[in-house]
Every structure is written in C-alpha cells, then in structure tokens.
Amino acid sequence: MKTSYINAHCHQIHDLQDWNMLNILSPLDYDSNQWCSVGIHPWYALEAVNKKWDVALYEWIHHRNVRAIGECGLDKVCSTPWELQVRVFAMQIEWALECRKPLMIHCVRSQQEVLQALKRFNGDFVFHGFNRNLEMAVQVVHQGGYLSLNEIFLKSKQGREVVKQIPLNRLFLETDNEAVSVRRAYLCLSQLLDISEHDIAQQLWQNALEIGLIKD
C-alpha cells in the first residue's frame, strides 16, 4: 500500500514531500492542480455571501482535486450573525451530500449544534483542529466523525488524554496555520502512543482512503 505523511488541513504548504490538503478560503486562492478542500468558513460567511463566493465554490466541488467541503461549521466566538452561519453551513452540508465528499468542520463552542446539524448528513466528516476534552472527542467519534489534531494539541494534557482513548482509525494530523512540517505531529503522536511513525502514517493513509480524501 502506498503511504505518505498526510497533512489533512493546512493553509500553507511547508513540505512538498507530504500529501497536503490545502484549505481554500477565497476563490482567489483556488488552484486546480492542488489537492484541496473548498468551503465557506463561518468567519467569512458574510463576505462570501456579499461577494457571491458560493457561486464560484459550488462550480468547483466536483473537481477531482477538491477532496473535501470546508472548512465549514459554526463558531460562537466570531462576529458573523448566527442565523447566517447556520444557513451557510446547511448549504455546504447539501454540497457534500451532492458530491459525496467529506466535510471538514470548523467548530468553536458549538459542538452540540454542529453534531445536531450533521445528524441528517450520512457522509464522513472531520473535526479539524480539534482541541477539546475527551468527552467531546468521544461524542464526535460516536456519531461517526474523525478528529484532526495538530502538534500543539498533542502536547497538551487534553491532547494526551484524547489520543490514548480514541482509536487511531479515527484520527488525522494537520498543521492548520502553522508554518511547520506535519511530520512533527507524527513524531509527537508516535512518542505518545509508542507506535512507529511508519505505522501511524499507514493507518492515517488508510483513514484517508476510507473517506475519499485520497484515491487508490
């Protein structure tokens, strides 16, 4: 089985040797030659609606290099009106259903609302940048979701608790906004679980195959 280090969510590519899924926040950033996720972040939902980004993004969702919809979701800390966040998130759930691609979820202090919205979604979803406690991690996984973790969280007490209880077949690793190699997160997880980086990479590659982030 082909194996590489997967960076499941990033806003900049640090290491070209890895399989990087670049997140597209604006149509101006889209590159059809790059594996990516496309979607409307709740922070930018108002701007996206006003500038009709949804029209351009919708045209791309079936492109072979677009492997996930998002990051999208709900955020109770940002200034975007809640009703607009809910509407834009629901729209992207429909996109994911239509194109049969996983959702990359942004969730801040709104886990119950996000999981409720996803009850009618029968596809795969990944909570990117997960940084909450074990109880919340278990809720996501029990509803069929995956967790994508970064190096900073792995080094926290909550992170250590989560990775020791959540099975490896429900995890991904990412760099998000950090200008570092995702291999640092693989090394950290390897040390926490006493599992080789190679074995972790193999399992995360299999996870990505399972939900369609990558193809054989």
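(A) Inspection of the sheet that holds strand β4 (residues 66-75) at higher detail. With parallel pairing, eight strands are arranged side by side in an open sheet as β1-β2-β3-β4-β5-β6-β7-β8. With partners counted over all chains shown, the strands left at the sheet margins are β1 (6-10) and β8 (171-173), one partner each. The mean angle between the axes of side-by-side strands here comes to 30°, regardless of whether they run parallel or antiparallel.

(B) Fine view of the pattern of salt bridges. Under the definition given, this model contains seven salt bridges. In this structure, aspartate 18 and arginine 183 form a salt bridge, with 2.8 Å as the shortest nitrogen-oxygen distance. On the criterion of sequence distance, the pair formed by aspartate 18 in the loop between β1 and β2 (19-24) and arginine 183 in helix α8 (residues 183-193) is long-range, its members being 165 residues apart. A salt bridge links lysine 155 to glutamate 151; the shortest N-O distance between them is 2.9 Å. Among the charged side chains, a salt-bridge network with shared partners connects Asp15, Asp18 and Arg183.

(C) Quick peek at the nonpolar core. Within the largest apolar cluster, 71 residues are counted, with the highest numbers of intra-cluster contacts made by Leu103, Leu118, Phe127 and Leu147. Apart from residues lying up to four places away in sequence, leucine 147 is in contact with Val126, Phe127, Phe130, Ala137, Val140, Val141, Val162, Ile166, Arg170, Leu171 and Phe172.

(D) Region of interest: the pairing of strand β5 (residues 103-108). Bridging between β4 and β5 involves six bridges; their strand directions are parallel. For aspartate 75, the partnering residue across the bridge sits in β5 and is valine 108. Where the polypeptide runs from β4 across helix α3 (residues 82-99) and back to β5, its parallel neighbour, the crossover connection is right-handed. Looking at chain direction, β5 and strand β6 (residues 125-127) are connected through three bridges and run parallel. The residue of β6 that forms the bridge with methionine 104 is valine 126. In this fold, the crossover linking β5 to β6 by way of helix α4 (residues 111-117) has right-handed handedness.

(E) Structural view of the environment of leucine 97. Locating leucine 97 in the fold gives a position in helix α3. Given a relative accessible area of 28%, leucine 97 falls into the partly exposed group.

Calculation rules
Residues numbered from 1 in each chain as written. Predicted model: local features only at pLDDT ≥ 70, side-chain atom pairs only at ≥ 80, totals over all residues. Heavy atoms only, no water. Pairing = 2+ DSSP bridges. Helix = DSSP H or I, 4+ residues; strand = E, 2+ residues; numbered from the N terminus. Axes fitted to C-alpha atoms, helices over the stretch in contact; angles between N-to-C directions. Salt bridge = Lys/Arg side-chain N within 4 Å of Asp/Glu carboxyl O. Core = buried A, V, L, I, M, F, W, Y, C linked by side-chain atoms within 4.5 Å. Buried < 20%, exposed > 50% of the residue type's maximum accessible area, 1.4 Å probe, protein only. Contact = heavy atoms within 4.5 Å. Right-handed = clockwise from strand over helix to strand, strands pointing away.

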